[in-house]
Amino acid sequence: MPAYKSIVILTGAGISAESGVDTFRDKDGIWSKVDYRDVATPEGFVRDAARVHDFYNQRRRGMKGVRPNAAHTALARLEREFSGAFLLVTQNIDDLHERAGSASLVHMHGELGKALCQACEQSSPWEKDMSVLSQCPACGSIGYLRPDVVWFGEMPYQMERIGTALAQCDLFVSIGTSGNVYPAAGFVGEARFSGARTVELNLEPSDGHSSFDEAILGKATEIVPAFVERLLSGR
Ligand code: NAD
Ligand code: APR
Ligand code: ZN
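The name that an unreviewed UniProt entry assigns to the protein chain is NAD-dependent protein deacylase, with the source organism given as Mesorhizobium hungaricum. Per its UniProt entry, the protein chain bears the Function (unreviewed entry) comment "NAD-dependent lysine deacetylase and desuccinylase that specifically removes acetyl and succinyl groups on target proteins. Modulates the activities of several proteins which are inactive in their acylated form." A UniProt comment under Sequence similarities (unreviewed entry) is attached to the protein chain, and it reads "Belongs to the sirtuin family. Class III subfamily."

Turning our eyes to something else, we now look at the UniProt feature "binding site: substrate" (unreviewed entry) in the protein chain. In the numbering used here, UniProt assigns the feature "binding site: substrate" (unreviewed entry) to Y56 and R59. Topologically, Y56 is positioned in helix α4 (residues 49-62). For Y56, a relative accessible area of 2% gives the class buried. With residues near it in sequence (within four places) discarded, Y56 still touches V39, A40, I93, L112, P147, V149 and W151.

Once that is clear, we can look at helix α7 (residues 159-168). Among the residues of α7, those classed as buried are I162, A165 and L166. All buried residues of α7 lie within an arc of 100° about the axis, which places them on one face of the element. When the buried face of α7 is taken as reference, the exposed residues oriented beyond 90 degrees from it are E160, A167 and Q168.

The environment of ligand 1 is made up of 15 residues, and the closest members are H109, V150, F152, E154 and N180. W151 has a polar backbone atom sitting 3.1 Å from an oxygen atom of ligand 1. The fraction of the free accessible surface of ligand 1 (820 Å²) that becomes covered by protein chains is 70%. When its residues are assigned to classes, the shell around ligand 1 shows 10 nonpolar, 3 polar and 2 charged. Mapped onto the domain boundaries, the shell around ligand 1 takes at least three residues apiece from domain 1 (1-21 + 68-109 + 155-234) and domain 2 (26-65 + 115-149).

Parsing the protein chain into structural domains produces domain 1 (1-21 + 68-109 + 155-234) and domain 2 (26-65 + 115-149). Here the C-alpha centre of domain 2 lies 26 Å away from the C-alpha centre of domain 1. Tallying the contact residues gives 8 residues for domain 1 and 7 residues for domain 2. For the pair domain 1 and domain 2, the summed buried surface comes to about 530 Å²; carbon and sulfur atoms form 60% of the total. When residues of domain 1 are sorted by the area they lose upon contact with domain 2, I93, H109 and Y157 head the list and together hold 62% of the total. Linking domain 1 with domain 2 are 0 salt bridges. The tally of links from domain 1 across to domain 2 stands at 1 residue pair in polar contact (both at pLDDT 80 or more). Class assignment for the residues of the side of domain 1 that touches domain 2 results in 4 nonpolar, 1 polar and 3 charged.

Rules of the game
- Residues numbered from 1 in each chain as written.
- Chains lettered and ligands numbered in written order.
- Predicted model: local features only at pLDDT ≥ 70, side-chain atom pairs only at ≥ 80, totals over all residues.
- Heavy atoms only, no water.
- UniProt positions renumbered as here; feature names shortened; annotations may be inferred.
- Helix = DSSP H or I, 4+ residues; strand = E, 2+ residues; numbered from the N terminus.
- Buried < 20%, exposed > 50% of the residue type's maximum accessible area, 1.4 Å probe, protein only.
- Contact = heavy atoms within 4.5 Å.
- Arc of directions from axis to C-beta.
- Near = heavy atom within 4 Å.
- Polar contact = N/O pair within 3.5 Å; in protein donor to acceptor, adjacent residues only side chain to side chain.
- Areas by Shrake-Rupley, 256 points an atom, 1.4 Å probe, with all protein chains shown as cover.
- Nonpolar A, V, L, I, M, F, W, Y, C, P; charged D, E, K, R; others polar.
- Domains from an automatic or database assignment.
- Buried area = accessible area lost by both parts, 1.4 Å probe.
- Salt bridge = Lys/Arg side-chain N within 4 Å of Asp/Glu carboxyl O.

So, in C-alpha cells, the structure goes:
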C-alpha cells in the first residue's frame, strides 16, 4: 500500500459486535425488537420519556463487563504508529474505542455514558440509571436530562471537523456499518471526491459497498488487525 498522509476511519455497530454489543440491523438486531421511532427520535422522547430512559438504561447496564476487542485495539495501534493525520469517527455510543486507547475520536451520534441537560445544555458523565427525576450534575435542574445520544432527525456532532478531515484524507476506511444512515453513509462519497482511496471492512457487503475501491469481508477482530498490520508495514 502507498504511504498515506491522512487517514479517516468510520466505524459502526459491527466493530463492537464481537465484544457482545448488539448491532441494529443484523438478524435479531436492536431494531428488530424495538421500533426506533419509540426510543431513538425526539418525538418518542416527548411521547414517553420513561420508555426512552429505560431503553438506554438497559443498554448502559449491558455495557458492564463488556471489553474492547482486537479490532478496537488495532485502530488504537494505527493511531499511535501512523505518522500522518488520523481521525476516527464512530457512530457507536459505547466507549470501547477510548477504552482501547483511541484519542483522535469523534462520537458523531453521542455517547451512552453522558447525560445532556435541556435546561443548561451541558453534557455530563453519566453511568447510573437516568429517569425523569434525575438531577443535572452541572446546574442542579431536575427533570431536564436526556441521554446525550443523537436521535433520528437530529444533527450529528462535530460535522464540520468530520467534513474537513474527509476533504483532506487520502485514505477512507469504513468498518462494521451497514451504510444505512445519513450523513455517515455519505462519507465515502465525500472521500472519493477528495481523491481518497476508499476501503470497506465488513461482515458482508454494506448498502454502500459499490462506492468503495476495495472491500475486505470477514469478522472485524480478524480483518481489522490484519489490515492495520498491512498499512503499517507499507504492503
Ligand atoms: P435517516 O433517514 O438517515 O435514517 C433513517 C434510518 O432509519 C434508515 O436508514 C433506516 O435504517 C432506519 N429505519 C427506518 N425505518 C426503520 C425501522 N422500522 N426500524 C429500524 N430502522 C428503521 O435518519 P433521519 O431521520 O434522516 O435522521 C438522520 C439524522 O439522525 C442523522 O443526523 C443521523 O446521524 C441521526 N441518527 C442518529 C441515530 C442514533 O440512534 N444515534 C440513528 C440514526 C440517525
Ligand atoms: N465484524 C464486522 N462487521 C460486522 C460484524 C463483525 N463481527 N457483525 C456485524 N457486522 C456488520 C453487519 O454486516 C452490518 O453491516 O456491521 C454492520 C452493522 O450495521 P447496523 O446494525 O446497521 O449498525 P450501524 O451501521 O452502526 O447503524 C448506523 O443507525 O440506528 C442507528 O444510531 C444507530 O449509529 C447507528 C446507525
Ligand atoms: Zn443542567
